[in-house]
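Residue strings, one per chain:
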Amino acid sequence: YFAGKVGIGTESPFNKIHVNTSVDGDGLLLDYTANNNKYVGVFFKVDTNTSDTYKKGALVWERTGSYNEGRFHFLLNNDDNASNVDLTDSKVTILSTGNVGIGTTSPIELLHLYGGVGNPTRIRLQADDGQDDVLTFHQSTTQKGAVGYDDSDDVVSLTYGGLSGTTGIKINSS
């Protein structure tokens, strides 16, 4: 304990808790002795209230199967009350398969977006003035197609072989 700071593996901690190691795979372990559908994590609170409430953000691990198989959740709760986050507040979920869900805790594709009931699901590409927005499609390392906005010509196009390939559809402002 050094000037209000705890150092593990160091005598000069930089933060309130500082863990220093020279061993791969070593570090901070949060361990919850429980079965499936339980979770443990790091919770965030910025408030003057000293009670066990108002924890509105968290990064948690949920156990869903044997051998501690599970999923990561990013939790956010913006309710204007004293409640804490829980799994129902999951905004981003990463499965052990690598699938990522935004708005869903059960992503069935590599990236699965769900806007929720009554909310449209949108993806926004935004570039600075003079720059293009492009969504490309690849097979292995070969670019096979693209959908993009060309700022210099004020044109949206669908092309085969990338933006410099064969244009299938071109839409301009006129």
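Preceding this paragraph is the structure being described.
Residues numbered from 1 in each chain as written. Predicted model: local features only at pLDDT ≥ 70, side-chain atom pairs only at ≥ 80, totals over all residues. Heavy atoms only, no water.

Considerations on the environment of D31
Now for step 1: Among the secondary structure elements, D31 is positioned in the loop between strand 2 (17-19) and strand 3 (39-44).
Now for step 2: Owing to a relative accessible area of 62%, D31 belongs among the exposed residues under this scheme.
Now for step 3: Along the primary structure D31 and G41 are separated by 10 residues, whereas in three dimensions their C-alpha atoms are 9.0 Å apart. (Helix = DSSP H or I, 4+ residues; strand = E, 2+ residues; numbered from the N terminus. Buried < 20%, exposed > 50% of the residue type's maximum accessible area, 1.4 Å probe, protein only.)

A look at the pattern of salt bridges
Now for step 1: In this structure the tally under the stated criterion is two salt bridges.
Now for step 2: Between K55 and D52 there is a salt bridge; the shortest N-O distance is 2.7 Å.
Now for step 3: Of the residues examined, D52 reaches a relative accessible area of 58% and is grouped as exposed. (Salt bridge = Lys/Arg side-chain N within 4 Å of Asp/Glu carboxyl O.)

Considerations on the sheet that holds strand 3
Now for step 1: Spatially, six strands are ordered 3-4-5-6-7-8 in an open sheet, and the strand pairing comes out mixed. Each having just a single partner strand, strand 3 and strand 8 (111-113) make up the two edges of the open sheet. Across the sheet, the mean angle from the axis of one strand to that of its neighbour is 15°, orientation sign disregarded.
Now for step 2: Both strand 7 (residues 100-102) and strand 8 contribute to a ladder of three bridges, which runs parallel. When the sheet's bridge partners are listed, I102 is paired in strand 8 with L113. (Pairing = 2+ DSSP bridges. Axes fitted to C-alpha atoms, helices over the stretch in contact; angles between N-to-C directions.)

A word on the packing of aromatic side chains
Now for step 1: Applying the stated criterion to the full structure yields one aromatic pair.
Now for step 2: Both rings, one in W61 and one in F72, keep their centres 5.0 Å apart while their planes meet at 70°; by these two values the pair is edge-to-face. One end of the pair, W61, is in strand 4 (residues 57-63); the other, F72, is in strand 5 (residues 70-76), with 11 residues separating them in the sequence.
Now for step 3: Residue placement shows K55 over the ring face of F43; its charged tip is 5.5 Å from the ring centre. (Phe/Tyr/Trp six-rings, centres within 6.5 Å; stacked < 30°, edge-to-face > 60°. Lys NZ or Arg CZ within 6 Å of the ring centre and 35° of its normal.)

Comments concerning the pairing of strand 10 (residues 142-150)
Now for step 1: Here strand 9 (residues 133-139) runs beside strand 10; their pairing, made up of seven bridges, is antiparallel. Its bridge partner lying in strand 10, L135 is registered against V147.
Now for step 2: The hairpin formed by strand 9 and strand 10 contains two residues between the paired strands, and S140 there has a positive phi angle of roughly 60°.
Now for step 3: Examined bridge by bridge, strand 10 and strand 11 (residues 155-160) share six bridges and lie antiparallel to one another. Across the sheet, residue Y149 finds its bridge partner in strand 11, namely V156.
Now for step 4: What sits between the antiparallel neighbours strand 10 and strand 11 is a turn of four residues, in which D154 has the positive phi angle 55°.

Describing the environment of T142
Now for step 1: With respect to the element layout, T142 can be found in strand 10.
Now for step 2: With relative accessibility at 42%, the residue T142 sits in the partly exposed group.
Now for step 3: Measuring from C-alpha to C-alpha, the distance between T142 and G161 comes to 8.4 Å, with 19 residues separating the pair along the chain.

Some details on the pairing of strand 6 (residues 90-95)
Now for step 1: Sheet topology places strand 5 next to strand 6; five bridges connect them, and they run antiparallel. Directly across from F74, in strand 6, lies its bridge partner V92.
Now for step 2: With three bridges joining them, strand 6 and strand 7 adopt antiparallel strand pairing. Residue pairing across strands places T93 opposite G101, the latter belonging to strand 7.
Now for step 3: Here strand 6 folds back onto strand 7 in antiparallel fashion, the turn holding four residues, of which G98 has a positive phi close to 100°.

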